[in-house]
Amino acid sequence: MNKKDNFHAVFKKYFKKEERFLIPNVLCYVRILLIPLFVTIYLLPTFVPSNNEANVYIATGIMLISAYTDFLDGFIARKFDMKSNLGKILDPMADKIMQLGVSIALVVKFKNFASVFTLLSIFVIKEIWMMIMSIILARANRAFGSAKWYGKVSSFSFYVIVGTIFIGGPLLQSNKFGLSYTIQHYIIDSLSLVASSFLLFAALQYTILFNRLLKHGQDEVIINKTEEEKHD
C-alpha cells in the first residue's frame, strides 16, 4: 500500500460521514472553538472599569463550560452508544489544546514568573514526546490503548493546579491580600512545581509502557497487567 492509499484508508476510518455530526463530536468542536475565546477574554483589559478581575471571572466561566462539554460528550457517547473513531481523536485533541491554551494564557499573564514558563515547556515537551511514541507504536501496529491512571491523575492535577493559578493569580497580583511579592512568587512557583512533577511522572510512566510495548508487544503487556491485578 502506497502513502496515498494509506492516507485514504486512515481518512476513511476516522472521518466517516455518519460520525462527523454525532452529538459528542459536535460538543468537541464547540470545546475547541471556546479555546481562543477563553484565551482572548482572559488576556484582554477588563470589561468592567470598577472590577479589574471581571475578565478572569468571565474566562473562568468559559473554561467551566468547556470542562462540562468534556464530561457531557463522554457521557452521551457511552449512554447512547455514540462512540466513534473520530471521537477518539477529537476528545483528547480538544483536551490537549485546552491545556495548551491555558498554559499560554498563564505565561502571558505571569511573564515575571519563570516557573510558569517551565511548566509550559514541560507540557509541550511531554506532548511532543507522547506524539513521537504514539507514531512509533503505530508503525509497529501497537498503541497505548485507553488512558492510564497516571495520565488521568496528571491531567486532573494539571487542571486543578493551573486553574488555581489562573483564578487566584490575578487576585494575588492585585495585592488584595496584602501579600509580599516574595510570598506571591512562593505560592505560584510551588503550584507550578507540583503540576510539573505530575507531568514528568506521567511522561516517565508512559515511556516505561512504550518500551514494554516495543519489547514484548500488546498481548504481553495485557498479560502482565492481569497478573499484577491478581496479586493486588
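For the structure given in this document, a descriptive report is provided here. Everything numeric in this text was worked out from a predicted model, so none of it was measured. (Residues numbered from 1 in each chain as written. Predicted model: local features only at pLDDT ≥ 70, side-chain atom pairs only at ≥ 80, totals over all residues. Heavy atoms only, no water.)

### Observations regarding the packing of helix H2 (residues 23–43) against helix H3 (residues 54–79)
And then number 1: For the pair H2 and H3, the least separation of the axes is 9 Å and the interaxial angle reads 165°. Judged by the inter-axis angle, H2 sits roughly antiparallel to H3. You can see that H2 and H3 cross each other, and the crossing is left-handed.
And then number 2: Its residues assigned to classes, the contact of H2 with H3 comprises 17 nonpolar, 3 polar and 3 charged. (Axes fitted to C-alpha atoms, helices over the stretch in contact; angles between N-to-C directions. Helix = DSSP H or I, 4+ residues; strand = E, 2+ residues; numbered from the N terminus. Parallel < 35°, antiparallel > 145°, perpendicular 65-115°, else oblique. Left-handed = near helix turned anticlockwise from the far one by under 90°. Nonpolar A, V, L, I, M, F, W, Y, C, P; charged D, E, K, R; others polar.)

### Considerations on unusual backbone geometry
And then number 1: Positive phi values are uncommon outside glycine, yet Asp81 reaches one of about 55°.
And then number 2: As for its placement among the helices and strands, Asp81 is situated in the loop between H3 and helix H4 (85–109).
And then number 3: At Asn141, a position not held by glycine, the phi torsion is positive, near 60°.
And then number 4: Its place among the elements puts Asn141 in the loop between helix H5 (114–139) and helix H6 (149–173).

### Some remarks on the packing of aromatic side chains
And then number 1: With the rule as written, the count across this model stands at 10 aromatic pairs.
And then number 2: A centroid spacing of 6.3 Å and a plane angle of 25° characterise the contact between Phe38 and Tyr42, whose relative ring orientation is stacked. Of the two residues, Phe38 and Tyr42 both sit in helix H2, 4 residues apart, roughly one turn of that helix. The pair formed by Phe38 and Tyr42 is uniform in burial state, with each residue classed as buried.
And then number 3: Arranged with centres 6.0 Å apart and planes meeting at 70°, the rings of Trp129 and Phe210 form a pair that is edge-to-face. In this pair, Trp129 is assigned in helix H5 and Phe210 in helix H7 (residues 181–216), connecting sequence segments 81 residues apart.
And then number 4: Assessed through its relative accessible area of 32%, Trp129 is described here as partly exposed.
And then number 5: Geometry around Tyr42 places Lys109 over its ring, the cationic atom sitting 5.2 Å from the centre. (Phe/Tyr/Trp six-rings, centres within 6.5 Å; stacked < 30°, edge-to-face > 60°. Buried < 20%, exposed > 50% of the residue type's maximum accessible area, 1.4 Å probe, protein only. Lys NZ or Arg CZ within 6 Å of the ring centre and 35° of its normal.)

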